[in-house]
Amino acid sequence: AAEYPVRFEVVLKGEGFVTERIPVTIVKDQLQQLTSVKVMKIVTPPAGAAGSNTSTPLVGGATSAPINIATPVTNGTSQPLAVTLPTGTKFIDATGKVIEGASLAASVMNFDASKPEALEFFPGGSLVSDNVVVGTETVSATFLPAGFANIEMFVSGTQVKRFSQPIALSMGIS
């Protein structure tokens, strides 16, 4: 029925590329939908984007010392993104289970929203969306970001969805 559109998300990911998530809405009698998606290699970001990839050993599946991951201030970015994982942090998968593993692989990307090339990689691919949930309603909205980031972590190949304790995230905006 028209009042009950189907909504889902398509996830595009590949080794060495930033993961893209594309929200899709299908309404009654819709025959087709074309969506253009830009993909970005982490090692060759557009102007206004900077990234960092790290691999860190874990002890018993947890951090044995604080881990600091930061993006460089390069490529037209004016502020870094910094992620700090405190000592003893464990990593949790999508099912809520602690991930056992010997190493943490992390990829962090920082995007300067004042750069048009970086804005092309805004999550969902557009600054406009008719799929924004406010309370119990779904509405249309336009985003005006000051900046945005993409953070992905894996422990021995399993994607991290949560942490056993709070982590620190610092992102400057200009």
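Residues numbered from 1 in each chain as written. Predicted model: local features only at pLDDT ≥ 70, side-chain atom pairs only at ≥ 80, totals over all residues. Heavy atoms only, no water.

**Things to note about unusual backbone geometry**
Residues apart from glycine generally show negative phi values, whereas peptide bonds are mostly found in trans.
For step 1, the next point in the chain: Positive phi values are uncommon outside glycine, yet D29 reaches one of about 70°.
For step 2, the next point in the chain: As for its position among the elements, D29 is in the loop between strand 2 (20-26) and strand 3 (49-57).
For step 3, the next point in the chain: Residue D29 is classed as exposed on the basis of its relative accessible area, which comes to 67%. (Helix = DSSP H or I, 4+ residues; strand = E, 2+ residues; numbered from the N terminus. Buried < 20%, exposed > 50% of the residue type's maximum accessible area, 1.4 Å probe, protein only.)

**Observations concerning the pattern of salt bridges**
For step 1, the next point in the chain: Under the criterion given, the structure shown has one salt bridge.
For step 2, the next point in the chain: Salt-bridge contacts for K115 lead to D112; the nearest nitrogen and oxygen are separated by 3.5 Å.
For step 3, the next point in the chain: Its relative accessible area of 26% is what places K115 among the partly exposed residues.
For step 4, the next point in the chain: Judged by its relative accessible area of 8%, D112 falls in the buried class. (Salt bridge = Lys/Arg side-chain N within 4 Å of Asp/Glu carboxyl O.)

**A word on empty space enclosed by the protein**
For step 1, the next point in the chain: According to the stated counting rule, one finds one cavity of 30 Å³ or more in the structure shown.
For step 2, the next point in the chain: Roughly 70 Å³ of volume is contained in the largest cavity.
For step 3, the next point in the chain: As for the largest cavity, its lining consists of 12 residues, and the residues nearest its centre are Q79, F111, D112, G172 and I173.
For step 4, the next point in the chain: Take the lining of the largest cavity: its biggest share by element is three residues, from strand 7 (residues 103-112).
For step 5, the next point in the chain: Each residue belonging to the lining of the largest cavity can be placed in one class, and the counts come to four nonpolar, seven polar and one charged. (1 Å grid on protein atoms, 1.4 Å probe; cavity = no way out; pocket = protein on both sides within 12 Å on 5 of 7 lines; lining within 4 Å. Points joined across faces, edges and corners; volume = space filled by probe spheres on them. Nonpolar A, V, L, I, M, F, W, Y, C, P; charged D, E, K, R; others polar.)

**Observations regarding the nonpolar core**
For step 1, the next point in the chain: Judged by nonpolar contacts, the single largest core of 14 residues is most densely connected at I69, L85, F91, L104, M153 and V155.
For step 2, the next point in the chain: Of all the secondary structure elements, the ones that give two or more residues to this core are strand 4 (67-70), strand 5 (81-85), strand 7 and strand 10 (147-155).
For step 3, the next point in the chain: Beyond its immediate stretch of four places on either side in the chain, I69 contacts S52, T54, L81, A82, V83, A106, V108 and M153.
For step 4, the next point in the chain: Counting residues in each nonpolar core, the second largest holds 10 residues, with A49, M109, A118 and F148 among its members. (Core = buried A, V, L, I, M, F, W, Y, C linked by side-chain atoms within 4.5 Å. Contact = heavy atoms within 4.5 Å.)

**Description of the packing of aromatic side chains**
Ring pairs (aromatic) are described by centroid distance and by the angle formed between their planes.
For step 1, the next point in the chain: In the structure shown here, the tally under the stated rule is four aromatic pairs.
For step 2, the next point in the chain: Look at F122 and F148: their rings are 5.3 Å apart centre to centre, the planes differ by 80°, and that puts the pair in the edge-to-face class. Placement of F122 in the loop between helix 1 (116-119) and strand 8 (128-134) and of F148 in strand 10 is noted, with a sequence separation of 26 residues between them. Each of the two residues, F122 as well as F148, counts as buried.
For step 3, the next point in the chain: Taken together, the aromatic side chains of F111, F122, F143 and F148 make up a single cluster linked through ring pairs. (Phe/Tyr/Trp six-rings, centres within 6.5 Å; stacked < 30°, edge-to-face > 60°.)

**Focus: a nonpolar patch on the surface**
For step 1, the next point in the chain: Among the surface-exposed residues, V6, F8, V10, L12, F17, I26, V37 and V39 lie close enough to one another that they form a single nonpolar patch of about 590 Å² accessible area.
For step 2, the next point in the chain: Of all the elements, strand 1 (residues 6-12) adds the most residues to the nonpolar patch, at four residues.
For step 3, the next point in the chain: Here V39 is to be found in the loop between strand 2 and strand 3. (Patch = residues over 30% accessible without salt bridge, like charges linked within 9 Å, V, L, I, M, F, W, Y side chains within 5 Å. Areas by Shrake-Rupley, 256 points an atom, 1.4 Å probe, with all protein chains shown as cover.)

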